[in-house]
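An overview of the molecular structure
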Amino acid sequence: MSVPTSTQDVPVRSTYADDDRGDGMVAFAGVMLLVLGTLNAIEGIAAIDNANFFVNNTNYVFGDLNTWGWIALIVGVTQLLVGVGVFARNQFARWVGIFALAVNAGVQLLMIPAYPFWSLSLFAVDIVAIYALCAYGSRIARA
């Protein structure tokens, strides 16, 4: 095994691989924001309209199904706008996205009486997307 005798013989480690690390997670978070926004908008409209697929005669911590429908609709539209902002590489959209996902996680936990398994599924997706934006979202500004 030969020892490099000059700096020209030393292999240079590429930093491009480190720059690309996490781009897939940021793209995942953007897609999840768009998907969750669409689902929340549909769920909000259905709750406002008192659709039949929600559990009847449920007791909520506060408000009723109509109230939670409006909240889900507003959060959904916010998530759709933020999802577009994440793909536009906007750093402000990253922070608003983290906030919108955290609010949606809380909303989904409070909507468990209306649709239990669906709410828990959306809660889990919110947590993964929050992780993606927190851990790898700083790469948005460098792109």
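Keep in mind the model is a prediction, meaning the values are calculated, not measured.

1. Some thoughts on the overall build of the protein
Across its full length, the protein holds six helices and zero strands. Listed N to C, the secondary structure of the protein is α-α-α-α-α-α in terms of helices and strands. Considering the protein as a whole, with its 143 residues, one finds that 36% of them fall into the buried category. In the protein, once contacts between residues fewer than 6 apart in sequence are set aside, the share between residues at least 24 apart is 78%. As presented, the protein carries roughly 8,500 Å² of accessible surface, and 67% of it is formed by carbon and sulfur atoms.

2. Overview of a nonpolar patch on the surface
A grouping of Val-31, Val-35 and Phe-87 is seen on the molecular surface, where their side chains present a nonpolar patch of about 230 Å² in accessible area. As for its placement among the helices and strands, Val-35 is situated in helix α2 (residues 23-48).

3. Considerations on the packing of aromatic side chains
Given two aromatic rings, their pairing is described by the distance between the two centres and the angle made by the two planes. In the structure shown here, the tally under the stated rule is one aromatic pair. Their ring planes at 85 degrees and their centres at 6.2 Å tell us that Tyr-131 and Tyr-136 sit as a pair that is edge-to-face. A relative accessible area of 47% means that Tyr-131 is categorised as partly exposed. Judged by relative accessible area, Tyr-136 falls into the buried class, the value being 14%. The ring of Trp-95 has Arg-94 lying over it, and the distance from NZ or CZ to the ring centre is 4.3 Å.

Scoring rules and cut-offs
- All residue numbers refer to positions counted from 1 along the written sequence of the respective chain.
- Thresholds applied to this predicted model are a pLDDT of at least 70 for local features of residues and 80 or more for the giving and counting of side-chain atom pairs; totals over whole chains, interfaces and linings are not thresholded and use all residues.
- Calculated side-chain values reflect all of the structure's heavy atoms, with hydrogen atoms and water omitted.
- Helix and strand labels come from DSSP, where a helix needs a run of H or I of at least four residues and a strand needs a run of E of at least two; each type is numbered from the N terminus.
- The rule is simple: take the accessible area with a 1.4 Å probe, protein chains only, and divide by the maximum for that residue type; under 20% is buried, over 50% is exposed, in between is partly exposed.
- By definition in these notes, contact holds between two residues if any of their heavy atoms fall within 4.5 Å.
- Note on areas: Shrake-Rupley, 1.4 Å probe, and residue coverage restricted to the protein chains presented here.
- Like charges are joined within 9 Å and nonpolar side chains (Val, Leu, Ile, Met, Phe, Trp, Tyr) within 5 Å, but only among residues with over 30% relative accessible area and no salt bridge; these make up the patches.
- For salt bridges, the criterion is a side-chain nitrogen of Lys or Arg within 4 Å of an Asp or Glu carboxyl oxygen.
- Note on aromatic pairs: the rings of Phe, Tyr and Trp (six-membered ring only in Trp) are paired at centre separations within 6.5 Å, and the planes decide the class, stacked below 30 degrees, edge-to-face beyond 60, tilted for the rest.
- Only when the NZ atom of a Lys or the CZ atom of an Arg is both within 6 Å of the ring centre and within 35 degrees of the ring normal do we say a charge sits over the ring.

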